[in-house]
Structures are given as C-alpha cells and as structure tokens.
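Now for the letters of each chain:
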Amino acid sequence: MPRLLRSAAACLTALSLLASNPPIVSAQRPPTIAAAANLNFALREVADRFARAAGNRVELVFGASGTLTRQIQDGAPFEMFLAADEEFPNQLAKAGLTRDAGEIYAVGRLALFAPRGSPLQVDERLDGLARLLKGGGVTRFAIANPEVAPYGRAAEAVLRKHGLWDGIRPRLVLGDTIAQAAQFATTGNAVGGLVAYSLVLAELKDRGTHAVIPAADYPPLRQRMTLLKNAGPIVERFYRYVQEADARAILEKHGFAVPQ
Amino acid sequence: MDWDALRVSLWLGAGTIALLLPWGIWFGRLLAVREFRGKLLVEALVTVPLVLPPTVLGFYLLVAFGVRSPLGKAFQAVAGQPLPFSFEGLLVASAIANIPFVVQPIQRGFEAIPLDVRDAAACCGLTPWQRFVRIEAPLAWPGILTAAILTFAHTLGEFGVVLMVGGNLPGETRTLSVAIYDRMQAFDDRSAGVMAAALLAIAVATLMATTTLARRVGRRRG
C-alpha cells in the first residue's frame, strides 16, 4: 500500500511540476484575436508575417462567426474580430462592443469539393450533385451550420438556387464551423461538401476534386473585421496591417478577393 | 503536442482537486456516518453532475455569470474580469462537474470502516479530531486517493463545458481535449493524434490505479 501511494503521489507531483507557472498569470500573454474558421490558414500566415515585420505576436482563435459573436457578447477577452460576413460584426457594433463599424477585408468564395474515390462529379452548376442525388447516391453531404456560419448560409443559398435543398436536407451533415464541414467532406464519410475556397486551396485540393461556385449564386461573403472595445496598440497595428499590401497578397493567394 | 494546453489541463486537474478534496472529505464522511432526513435527496443532488449533460452546466454558468447578467456584472466589478472565458471560470465549472467523483469514493471509503472500529476508538478516549486523523482517515485513504485520481482524470477529459465556458483561449482555457478539436479543424491530424494518445495513456493509467485501490478496499471489507 505505501509503495503504491508513494508512486501515485510522485506521479501527481511530477505532473504538477511539469505544469510550472499557473495559467492565471496571464498579463504578458500576446493579445487574442477571434477569427472566422475559413481564415484558419490565411490569417495564420498573415500573423506570422506580422510577427516578423512588427515584432509582436498575436494569438488567433478560430470559430464560427456566430459562435464567436456570442462569446464576445458574453465577455470573451478578444481584442479584434474578423468575421465571415457583415451581419455578425454589425450586431456587435449595434450592441456597442466594437470601436467602430470596421472594414471589409476580404470577400470569400465557396467551392464544391469531393474527396478522392467519391462518386460525386464536381462542377460549378452542381449538375453532378443533382444527378447523384436523384440516383440516391448521396450518402452524406457536408456544409457548415447555416445558423452560426456564414459559409453555411451561402451553401444553403446555392443548394436552394439549384432546387436541391429539400432533397438533400436529410443527407446533410452540419459542421460547427466551415473548417469542421471541410473535415467532414474529406474523411470519406460524405460524398463531398460545400466549403470555403480558402480551405480547399490550403488543405483539400490534393485530397480530391473541386469547383469554385460562381459568385452570383449566393449572397456575397463580404467579410468584415472590427476592433473591439478593449483593443490594445498591438492589435491596432495588426488591424492596419491586414489592410496593407503584404497581408492582402496573402489573402489573395488563399483565394479571397480583396477590396480595392 | 501543445504544451501550453497540457499545462492548462494539468493545472485545471490539480486546481480542481485542491478546491474539492477538503470539502469532499468532510461531506463524504458526513454522508457515510450520519443518518438524517432528506439524505436521499442530498445524495441525489450530489450525483446529478454525473448524469447531467455538460452543456447544461455550461449554459447555466454562461447565463448566470456572463457579462450580461446582474451576477456576472457584479463579479466583473469585484474581480476586474468576467468569470467565463477565464481559467478561474473553468475551475468553477470543473469543480461543480466533479462533485460526484469526489464525494462518492470518499463516502464509500468511510462506509467501509466497521462501526466497532469507530466505537472502539471513541471508547479509548480519543477526541473526534484524533479519531479522524489516526483511525478513520488512514482507513479511508484508498477512497480519498481514488477520489483525487478520478477527479484529475475526469477534469482532463472534460470537453463540452470547457469549450462553452472557456472558449478555446490559448494558454488560459485551451485544455488538451479542446486542443485536439482545434487541431482537427486545422487538418493537423498529427498533433491531434499525439495529444489523443497522451490523454488515452493518462486515462488507462488512471483506471488501473483506481481499480487497484478499489481491490484493496474490497479485500479489507471482506
């Protein structure tokens, strides 16, 4: 018994030691920025470039725009918010939680993606999807949850426009974020999905086939960013940096259209 | 491997034990040795977090302590920051979620002490405190240790309430289990796999430890 006790106690002590300074000491941590999940790779690159150029690091937390909006309303300590649409930042601005109305920093694009080995043939008019659906070949199809993710809303609009919404609804798997939807679309459990083009370029393009959906088929994904009430100088600089040529080039490389 | 997340997880586990164990020993012993009216209800309430979906707890904590609620505003005025989306908030949520994991093994531990041992100790003229320290605590020790280990392991595995109340803030509320989810969404399956394996190893080690302890208690009882 004492031997076992001692070894258990030693384990616990070792674990606690490993975990040196407690998380409560948070004063010197870099400022935290909330960003829509479609920016997962693009914004990381922008932040890395910013760190090299300005010498300051910022922490990025990715999520669905709706989820992040809710967290900001509940008091999450973010200093800046980059959304996937305009509605969510406007909601925060109306609630008096932002510095101002903010700026549109990018316009997102939606793409149809099918993983390798999927029976789905991708095309920008969704004809292949319609055929597969009619033939009963759609097992699962991934989109982001339209309630919290603007890319999910855009996907719903596209499916509705092509008259596929009612038929495909029982087959939909909803990702919490567009990144999770992309995850679902690649695992092979779904025949494919409507995902952010930025995620296709960053991660999916070698894992299957894709087609960019024409911008006219869904309300534009104008992505707005705002400084939040507690924004400090580092984040203010980052906010300006996102609008500069270096950052815009990165966003364009990741498939976004950037406003002139 | 996200070492920051591991650090947060370990601190959360240790903090939850530190916060809960003293109360758990007091309350578990009380439930073991006393009979009182409404004991059944109290025992049920203690067990509720075991069957409650973590989202329910997360919902109530956010509603009660979010900056939009009067309670949350009061807390912010005193503490200078809101309770949700902070490590302290996670600690509160984790403490509530772990009440049954602390109280039940400790209660079983004290129940396993035969009544005549306690009577004999009282007859020897020991004060209640001496009885507790010299007789009961050493005998109930496996139960107490089981409680600590279970709490630690359960805290490491908590996901829903951590994500809801903590919000995935690196270095503060991003625990290992949340980091796995975060890495998955970033298509970083390698990191997610390493962290998942780490949590699996900890879980297996924990269960082995608690099973060994439970056998000890069983042997003594028999």
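Parameters at a glance
Residues numbered from 1 in each chain as written. Chains lettered and ligands numbered in written order. Predicted model: local features only at pLDDT ≥ 70, side-chain atom pairs only at ≥ 80, totals over all residues. Helix = DSSP H or I, 4+ residues; strand = E, 2+ residues; numbered from the N terminus. Buried ≥ 20, exposed ≤ 12 C-beta atoms within 10 Å, placed from the backbone. Core = buried A, V, L, I, M, F, W, Y, C linked by C-beta atoms within 7 Å. Domains from an automatic or database assignment. Contact = placed C-beta atoms within 7 Å. Nonpolar A, V, L, I, M, F, W, Y, C, P; charged D, E, K, R; others polar. Axes fitted to C-alpha atoms, helices over the stretch in contact; angles between N-to-C directions. Parallel < 35°, antiparallel > 145°, perpendicular 65-115°, else oblique. Left-handed = near helix turned anticlockwise from the far one by under 90°.

A. Quick peek at unusual backbone geometry. Residues and elements named next belong to chain B. Of note in this structure, F85 is not a glycine but carries a positive phi near 60°. Locating F85 in the fold gives a position in the loop between α4 (70–79) and α5 (87–97). With 26 C-beta atoms counted inside 10 Å, the residue F85 sits in the buried group.

B. Up close: the nonpolar core. Among the nonpolar cores identified, the biggest contains 83 residues, and M80(A), F81(A), L82(A), L110(A), Y151(A), I178(A) and V195(A) are the most heavily contacted of them. Both domain 1 (10–107 + 220–253) and domain 2 (108–217) of chain A contribute no fewer than three residues apiece to this core. Once residues within four sequence positions are removed from consideration, Y151(A) is found in contact with N38(A), A84(A), G108(A), L110(A), A144(A), I178(A), A196(A) and L221(A). In terms of nonpolar packing, the next biggest core, distinct from the first, is built from 51 residues, V102(B), I144(B), L163(B) and I202(B) among them.

C. Representation of helix α3 (residues 65–73) of chain A in the model. All names here are of chain A. Among the nine residues of α3, seven are classified as buried, and the element is accordingly described as predominantly covered. Residues of α3 that are buried: S65, G66, T67, L68, T69, Q71 and I72. For α3, the elements touching its buried residues are β1 (32–36), β2 (59–63), β3 (80–82), α4 (87–94) and α6 (150–161).

D. Seen up close, the domain arrangement of chain A. Residue and element names in this part refer to chain A. Assigned domains within chain A: domain 1 (10–107 + 220–253) and domain 2 (108–217). Here domain 1 and domain 2 have C-alpha centroids that lie 27 Å from each other. The interface is formed by 18 residues belonging to domain 1 together with 19 residues belonging to domain 2. Of all the secondary structure elements, the ones that give two or more residues to the side of domain 1 that touches domain 2 are β2, α3, β4 (103–108) and β10 (221–227). Residue contributions to the side of domain 1 that touches domain 2 peak at three residues, all from α3. Residues belonging to the side of domain 1 that touches domain 2 are distributed by class as follows: 10 nonpolar, seven polar and one charged.

E. Region of interest: the packing of helix α1 (residues 3–33) of chain B against α5(B). Residue and element names in this part refer to chain B. Closest axis-to-axis distance for the α1/α5 pair is 9 Å, and the angle between their directions is 60°. As the angle between them shows, α1 and α5 are arranged oblique. In this structure, α1 crosses over α5, and the sense of that crossing is right-handed. Residue-level contacts link L12, G15, T16, L19 and L20 of α1 to L90, L91, S94 and A95 of α5. Taken together, the residues of the contact of α1 with α5 break down into six nonpolar, three polar and no charged.

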